[in-house]
Amino acid sequence: MTTAFPAVLIGFEWHKQGFSFSQILFCSVLGCIFLLAYAIPASLLGAKSGLGYCGLSRVVFGRWGTRLVAANLIWMSVVWYGIFAVLMAQAVNDLLQVHYSMTVMAIIFGLLMAFNNFFGFAGIANFARFIAAPVLIAWVGYTFFKTINMVPHAALFEPSHQPMMTALTVTSSFVIGFAVWGNEPDYWRYSKPCSLRIAIPMVIALLIGQVIFPITGWLISQTTGITNSDTATAFLNNYSFAGFAIIGLFVLAASYFATNDSILFGSDAALETIWPMKHKTAIIILAMVGAVTAAIFSVNDSIKTLSVITDLSCIFLPVPTVIMITEWWLREKFFRLPIDFANVPALIELPAIDWPAIIALLAGFVVGTVTSGWIPGLESLHVGICSIQAWLTSAFIYTVLRVREYRMETVGQALIPEITEQATESILIEP
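All residue numbers refer to positions counted from 1 along the written sequence of the respective chain. Per-residue local features are limited, in this predicted model, to residues with pLDDT of at least 70; the limit for side-chain atom pairs, both in listing and counting, is 80 or more; totals at the level of whole chains, interfaces and linings are taken over all residues. With hydrogens and water set aside, each side-chain value is computed from the structure's full complement of heavy atoms.

Looking at the state of the cysteines
Rules: Any cysteine sulfur atom paired with another within 2.5 Å is treated as part of a disulfide. Residue burial is assigned from relative accessible area. The probe radius is 1.4 Å, only protein chains are included, and a residue is buried under 20% of its type maximum, exposed over 50%, and partly exposed in between.
Counted by the stated rule, this structure contains zero disulfides. For the unlinked cysteine Cys386, the closest cysteine sulfur is that of Cys314, found at 3.9 Å. Residue classification places Cys386 among the buried positions, given a relative accessible area of 1%.

Set out below in structure tokens:
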């Protein structure tokens, strides 16, 4: 799920923008470290509770807040689904050297990619485990080791044309935005609650998918001068498979289909939280909306669209989970309250709005969006890593508001016996 071909293509774009090899390496690794600081607790929360993203949100966000969080996951998932359908259509045109309509192909793939989800998550996991991941990793790994021996060592130490802060902002934001899922509890809820069991596969996957993959793209761009993603895909196929387009197409299809399988799995749970419906009905709706989204994206530059999506994804998807992690931490370390994961309240049983969570959520969204750099007129505020700033903002505000709420509740509970005793005494004194 974190080792997908677009991470290779972004390496070409980073070389085009003038980032050096050392900047790419340092910022990618740093981005992975930031991501692990979020993803391990998020996944551990799912493993310990046995609950998914929407189930956990009920405990924190209230009735309408849960619906907001679920809707937020749905629209971001649909956006991701659409861009991967477009990338699949683009791969067909690039590798087969045909000129089919991108819009028509994107719609077709948007509908086809939902097929596997009709048979449940077991099919998705097995498809990714035994087909998609191994063939793609083997392809990119072969290309990486073949290319790194061809690049002059001096080129690896050339000075950059971009400041380090710019490289950090662009590179780390992409790594986090591309590899973060936001609803990690959905995928780790059936695992054993052990940090090490979660950390080991995550570290390996991130090193491959978010360090080696983009570095491979950068190395090839340095060697060949290619900066266009269309040309890059065709070159990679010729470079690795001697021009056998069908092999490269199979590898990319396996990767893109498996990724969209996983996206549908998470967004389906969110959709059924808002509107209870049959699983297949939800998949059909999501696939149709995803296909329409793919049609819209198909008329734009796919790599630029991908960059915007990653900037949004690293903000809107993880912030709700950061608030859930903060609540879990406060209950265990500060409030010393028992956490009952066995009973998930129905929506009707929840308060309408949990204000501390909603205020922290919106604050995180605003800070992340303002510092992301994609709002016209606010480019000067595009500093640092927008996702980290959004996460810290939401965690800090939620902690302050939640602690204040807890203290008020504690004082109120302490006063109840005294008020009851005074009322009883007044009743007994009356003639």
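Next comes the rest of the description.
Some points on the environment of Ala179
The condition that has to hold: A run of H or I in DSSP becomes a helix once it reaches four residues, and a run of E becomes a strand once it reaches two; helices and strands are each numbered from the N terminus. Here a residue-residue contact requires only that any non-hydrogen atoms of the pair lie within 4.5 Å.
Take Ala179: it is sitting in helix H7 (residues 164-179). Here the alpha-carbon distance between Ala179 and Gly209, two residues 30 residues apart in the chain, equals 8.5 Å. For Ala179, the contacting residues outside a window of four places in its chain are Thr2, Leu35, Leu206 and Gln210.

Thoughts on the side chain of Ser49
Put simply, the rule reads: Polar contacts, as counted here, are pairs of nitrogen or oxygen atoms within 3.5 Å of one another; within protein the pair requires one atom able to donate a hydrogen and one able to accept it, and residues that are adjacent in sequence qualify only if both atoms are side-chain atoms.
Relative to the helices and strands, Ser49 is located in helix H2 (residues 21-49). You can call Ser49 buried: its relative accessible area is 10%. In this structure the side chain of Ser49 is engaged in a polar contact, spanning 2.7 Å, whose partner is the backbone oxygen of Leu45. A distance of 3.0 Å separates a polar side-chain atom of Ser49 from the backbone nitrogen of Leu51.

Focus on unusual backbone geometry
Unlike most non-glycine residues, Gln97 shows phi in positive territory, near 55°. Assignment of secondary structure puts Gln97 in the loop between helix H3 (53-96) and helix H4 (102-112). A residue is classified by how much of its surface remains accessible, and Gln97, at 57% relative accessible area, is exposed.

With respect to the packing of H2 against H7
Put simply, the rule is: Axis angles are defined between N-to-C directions and span 0 to 180 degrees, where every axis is a line fitted to C-alpha atoms and, for a helix, only to the segment in contact. By the definition adopted for this analysis, an angle is roughly parallel if under 35 degrees, roughly antiparallel if over 145, roughly perpendicular if from 65 to 115, and oblique otherwise. Take the far helix as your reference; a near helix turned counterclockwise from it by less than a right angle gives a left-handed crossing, and one turned clockwise gives a right-handed crossing. Amino acids are sorted into nonpolar (Ala, Val, Leu, Ile, Met, Phe, Trp, Tyr, Cys and Pro), charged (Asp, Glu, Lys and Arg) and polar (every other residue, Gly among them).
Where H2 meets H7, the axes come as close as 8 Å, and the angle between the chain directions of the two elements is 45°. Between H2 and H7, the angle is such that the two are oblique. The handedness of the crossing between H2 and H7 comes out as right-handed. Residues Gln23, Ile24, Phe26, Cys27, Ser28, Leu30, Gly31, Cys32, Phe34 and Leu35 of H2 lie in contact with H7, whose contacting residues are Met164, Ala167, Leu168, Thr171, Ser172, Val175, Ile176 and Ala179. For the contact of H2 with H7, a count of residues per class yields 13 nonpolar, five polar and no charged.

Regarding the environment of Thr310
In this fold, Thr310 is placed in helix H13 (residues 302-316). For Thr310 and Met150, which are 160 residues apart along the polypeptide, the C-alpha to C-alpha distance reads 31 Å. When sequence neighbours within four positions are dropped, the list of residues in contact with Thr310 reads Trp80, Ser173, Phe174, Gly177 and Phe178. Side-chain polar atoms of Thr310 contact the backbone oxygen of Ser307, separated by 2.7 Å.

Re the packing of aromatic side chains
The condition is simple: Centres within 6.5 Å make a pair out of two Phe, Tyr or Trp rings, where for Trp the six-membered ring is used; the pair is then stacked when the planes are under 30 degrees apart, edge-to-face when over 60, and tilted otherwise. As a reminder, the over-ring test applies to NZ of lysine and CZ of arginine, requiring each to be within 6 Å of the ring centre and within 35 degrees of the ring normal.
On inspection of all chains with the given rule, the structure shows 17 aromatic pairs. Residues Phe174 and Phe178 carry aromatic rings whose centres are separated by 5.4 Å and whose planes lie at 20° to one another, so their mutual orientation is stacked. Taken together, the residues Phe174 and Phe178, both in helix H7 and four residues apart, mark about one turn of the helix. As far as burial versus exposure is concerned, Phe174 and Phe178 are alike and both buried. Here the aromatic residues Trp14, Trp80, Phe84, Phe174, Phe178 and Tyr256 are joined through ring pairs into a cluster of three or more. The aromatic ring of Trp64 is capped on one face by Arg67, whose charged end is 4.5 Å from the ring centroid.

Coordinates in, geometry out; function isn't part of it.
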